[in-house]
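Here is how the chains run, residue by residue.
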Amino acid sequence: MNYQSLIVTYNRKDKLVEAVNSLLNQSESPIRIILIDNHSTDGTEQKLEEEGLLDNNKIIYVKMPQNYGGSGGFYYGIKEAMKYDDFDFLSLSDDDAIYKHNFFELISKYQKAHPNVKAFCGTVQYENGTIQTDHRRKITNEKWLQQEEISQNNYKNNFKLDLFSFVGCIISRDILKKIGLPEKDYFIYYDDTEYSLRVRKYTDIINVSGAVIIHKTPMKSSKVKNLITWKNYYELRNSLLMKSNHSNWRWLRLYFCYYYLRLNLAILTNKDYRGQRLKALYTYYCGFKDGLVQKKGKNNQFIP
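The shown structure was predicted, so the numbers you read here are calculated from the model rather than taken from an experiment.

1. Overview of the environment of Pro218
Then comes step 1: Here Pro218 is to be found in the loop between β12 (205-215) and α7 (231-246).
Then comes step 2: Given a relative accessible area of 65%, Pro218 falls into the exposed group.
Then comes step 3: It is 23 Å that separates the C-alpha atoms of Pro218 and Gln147, two residues lying 71 residues apart in sequence.

2. Looking at the sheet that holds strand β8 (residues 146-149)
Then comes step 1: If you walk across this open sheet you meet the 3 strands as β8-β7-β10, and the pairing is antiparallel. Of all the strands in the sheet, the pair left with one neighbour each is β8 and β10 (163-164).
Then comes step 2: Two strands pair when backbone bridges link them, and strand β7 (residues 136-141) and β10 are joined in this way by 2 bridges, in the antiparallel orientation. If you follow Arg137 over to β10, its bridge partner there is Leu163.

3. Thoughts on the pairing of strand β4 (residues 89-94)
Then comes step 1: Taken across its 6 residues, β4 has 5 buried, putting it largely inside the fold.
Then comes step 2: Summarising the sheet, strand β1 (residues 3-9) and β4 pair through 6 bridges and their orientation is parallel. Looking across to β4, one finds that Ser5 is bridged to Ser91.
Then comes step 3: Note that β4 and strand β11 (residues 169-172) share 4 bridges and pair antiparallel. The residue of β11 that forms the bridge with Phe89 is Ser172.

4. So, the packing of aromatic side chains
Then comes step 1: Tallied over the entire structure, the rule returns 23 aromatic pairs.
Then comes step 2: With a centroid separation of 4.9 Å and 85° between ring planes, the pair formed by Tyr75 and Tyr76 is classed as edge-to-face.
Then comes step 3: Judged by relative accessible area, Tyr76 falls into the partly exposed class, the value being 24%.
Then comes step 4: Aromatic pair Phe89 and Phe120: ring centres 6.0 Å apart, planes at 55°, arrangement tilted. Here Phe120 lies in strand β6 (residues 119-125) and Phe89 lies in strand β4, a separation of 31 residues in the sequence. No difference in accessibility class separates Phe89 from Phe120, as the two residues are buried.
Then comes step 5: Through successive ring pairs, a cluster of aromatic residues spans Phe187, Trp230, Tyr233, Tyr234, Tyr282 and Phe302.

5. A closer look at the environment of Ile170
Then comes step 1: Counting through the fold element by element, Ile170 comes out in strand β11.
Then comes step 2: Looking at Ile170, the relative accessible area reads 0%, which means it is buried.
Then comes step 3: Separated by 106 residues in sequence, Ile170 and Gln276 place their C-alpha atoms 40 Å apart.
Then comes step 4: Not counting residues up to four positions away in its chain, the partners in contact with Ile170 are Met1, Phe89, Leu90, Ser91, Phe103, Phe104, Ile107, Lys118, Ala119 and Phe120.

6. Quick word on the nonpolar core
Then comes step 1: Membership of the largest hydrophobic core comes to 33 residues, with the highest contact counts inside it found for Val20, Leu35, Phe103, Ile107, Phe120 and Ile170.
Then comes step 2: Put simply, the parts of the chain that give this core at least two residues each are β1, α1 (13-24), β2 (32-37), β3 (59-63), β5 (97-99), α4 (103-113), β6 and β12.
Then comes step 3: Here this core takes 6 residues from β12, the largest share from any one element.
Then comes step 4: Leave out the neighbours within four places in its chain, and Ile107 touches Met1, Phe120, Cys121, Ile170, Val208 and Ala211.

7. Here's the deal with unusual backbone geometry
Then comes step 1: At Asn11, a residue that is not glycine, the phi angle is positive and equals roughly 55°.
Then comes step 2: Take Asn11: it is sitting in the loop between β1 and α1.
Then comes step 3: For Leu145, which is not glycine, the phi torsion reads 55° and is therefore positive.
Then comes step 4: Relative to the helices and strands, Leu145 is located in the loop between β7 and β8.

8. Re the pattern of salt bridges
Then comes step 1: A complete count under the given rule lists 16 salt bridges for this structure.
Then comes step 2: One salt bridge connects Lys216 with Glu127, and the closest N-O pair in it is separated by 3.9 Å. One end of the pair, Lys216, is in the loop between β12 and α7; the other, Glu127, is in the loop between β6 and β7, and 89 residues separate them in sequence.
Then comes step 3: Salt-bridge contacts for Asp204 lead to Lys160; the nearest nitrogen and oxygen are separated by 3.2 Å. Taken together, the residues Asp204 in the loop between α6 (191-199) and β12 and Lys160 in strand β9 (residues 159-161) connect sequence positions 44 residues apart.
Then comes step 4: Looking at Lys160, the relative accessible area reads 52%, which means it is exposed.

9. As for helix α3 (residues 69-81)
An α-helical turn contains 3.6 residues, so any two residues separated by three or four positions project in the same direction.
Then comes step 1: The terminal C-alpha atoms of α3 lie 18 Å apart, and with 13 residues this matches the ideal 18 Å at 1.5 Å per residue to within 8%.
Then comes step 2: Taken across its 13 residues, α3 has 10 buried, putting it largely inside the fold.
Then comes step 3: When we look at burial in α3, the residues that qualify are Gly69, Ser71, Gly72, Gly73, Phe74, Tyr75, Gly77, Ile78, Glu80 and Ala81.
Then comes step 4: Structurally, α3 contributes buried residues whose contacts are with β1, β2, β3, β4, α5 (173-179) and α6.

Scoring rules and cut-offs
Residues numbered from 1 in each chain as written. Predicted model: local features only at pLDDT ≥ 70, side-chain atom pairs only at ≥ 80, totals over all residues. Heavy atoms only, no water. Helix = DSSP H or I, 4+ residues; strand = E, 2+ residues; numbered from the N terminus. Buried < 20%, exposed > 50% of the residue type's maximum accessible area, 1.4 Å probe, protein only. Pairing = 2+ DSSP bridges. Phe/Tyr/Trp six-rings, centres within 6.5 Å; stacked < 30°, edge-to-face > 60°. Contact = heavy atoms within 4.5 Å. Core = buried A, V, L, I, M, F, W, Y, C linked by side-chain atoms within 4.5 Å. Salt bridge = Lys/Arg side-chain N within 4 Å of Asp/Glu carboxyl O. Expected span 1.5 Å × (residues − 1).

Geometric descriptors of this kind do not, in isolation, establish any biological role.
Rendered as structure tokens:
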């Protein structure tokens, strides 16, 4: 497989080094690795220099003038990648994603056997080997783009999916030329989901389940308490933006209002929101309001 790789990073220099080395050590190595540094302040560039990675002619390092968030990082990263015309596929991942050494070998083998497929994913696992199922999803209702995670049982074989995260996905250059760049003004959340919806218009998306990428992130908890943060604003706002742009259902705005009322009811009655009800109500109110009027970009009330 003739591919180049993109990693977006922000203030995780040690994980980044491990992620880059996991690409350099692939049994089928990339022709190029593009690093988009979202204006890190932890000495990322110095760390890369110390490790000798900036002297590697395969690595293109781009430091952004400010933190554009994950969505901006992938926007500028894919824009940088498309300056080259010597690749057939581009892989996307974050700085905490570590590829197993045969990841691209397995993807390449499948791609050669199925040349009409132009987008692929691998299996995302936590460090303990548990599959992180929220990275590969299917749409269960096209009207309001309801989605659900693909269950672990499906990972026994390769499978078709509708929605992916930017952790271990691979898209052909031909498809990238057709669909353009991601939504840079989402800041975080749903930029990858929205991009998936564009990809699936032109090709099947296949998860090659034997190709594994380790996601070095804490396992998600089902508990709500103490988890209302600035991120929840973008989560709701961008969900509305994405659905508005990809659904033509005539009752969609009415569905948004119904969903928002149910969310408020849950905040007021669910004990897990105790101690942060006002914060949750305000955060989601802002996200709902801005999503309805198609307001994008970074909201200075909700920043890291």
